[in-house]
Amino acid sequence: MQYKSAVVDDIDKLLWKKAVELAARDKQPRCCTVNYAPGYVVRGTQLKNAIYGCKVAFVMFFGKTCPYCQMFDPIFRQVGERYKDLANFVKADIEEFYQLAASLGVMGTPATVAFVDGRPVELAPGFMTAPQFRSFVEGVLRYVGCR
């Protein structure tokens, strides 16, 4: 009788393990631990938190007087709102982060840099339309597996 009980316990454990695997397969992977509101302007160490707080982060370098930055801002926020659970979408003032921007190859504003696991992987210079930016974001997310 004890043998049957042990077999039933083993079967229950296997069934439970399989149920957990199936449930996990249906859920999207958690890609962020620290989320910022899309379009949030980071200051100081907040940029580091935004980049390392999510598996993927999109940082838009902008200038305060840049007309193309002002036109791109609503697009950046709108697309960011759509994918806010999968990535951070933050803005960084080029004057405050000029050394980082220069080291990343940013030559003008707006410029959007995609970071994966804290490392820059893609630079999209200039203004983008909503479909162009959405395609850029989806490409990076698909590459990483957060989509």
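Please refer to the structure placed before this passage.
Thresholds applied
- Residues numbered from 1 in each chain as written.
- Predicted model: local features only at pLDDT ≥ 70, side-chain atom pairs only at ≥ 80, totals over all residues.
- Heavy atoms only, no water.
- Phe/Tyr/Trp six-rings, centres within 6.5 Å; stacked < 30°, edge-to-face > 60°.
- Helix = DSSP H or I, 4+ residues; strand = E, 2+ residues; numbered from the N terminus.
- Buried < 20%, exposed > 50% of the residue type's maximum accessible area, 1.4 Å probe, protein only.
- Pairing = 2+ DSSP bridges.
- Contact = heavy atoms within 4.5 Å.
- Axes fitted to C-alpha atoms, helices over the stretch in contact; angles between N-to-C directions.

Novice: Where do I start with the packing of aromatic side chains in this structure?
Specialist: Any aromatic ring pair is given by two values, namely how distant the centres are and how the planes are angled relative to each other. With the rule as written, the count across this model stands at 11 aromatic pairs. Ring centres of Phe-76 and Phe-89 lie 5.8 Å apart, and the angle between their planes is 70 degrees; this geometry places the pair in the edge-to-face category. Here Phe-76 is found in helix 3 (residues 67–82), whereas its partner Phe-89 is found in strand 3 (residues 88–93), with 13 residues between them in sequence. Comparing Phe-76 with Phe-89 shows no difference in burial state: the two are buried. Between the aromatic rings of Phe-133 and Phe-136, the centroid separation amounts to 6.3 Å while the plane-to-plane angle is 25 degrees, which identifies the pairing as stacked. On the criterion of helical spacing, the pair formed by Phe-133 and Phe-136 is a turn pair, its members being 3 residues apart in helix 5 (residues 130–144). You can call Phe-136 buried: its relative accessible area is 14%. Through successive ring pairs, a cluster of aromatic residues spans Phe-58, Phe-72, Phe-76, Phe-89, Phe-127, Phe-133 and Phe-136.

Novice: Looking at this model, I keep getting lost on the sheet that holds strand 4 (residues 111–116). Mind explaining?
Specialist: Adjacent strands of a sheet pair through backbone hydrogen bonds, lying either parallel or antiparallel. The 5 strands are arranged 1-3-2-4-5 in an open sheet whose pairing can be described as mixed. Whereas interior strands pair on both sides, the edge strands pair on one side only; in this sheet they are strand 1 (40–41) and strand 5 (119–125). Looking at chain direction, strand 2 (residues 56–62) and strand 4 are connected through 6 bridges and run antiparallel. Considered in strand 4, the bridge of Met-60 is made with Thr-112. Set on the sheet, helix 3 makes contact with strand 2, strand 3 and strand 4; between it and strand 3 the angle comes to about 160 degrees.

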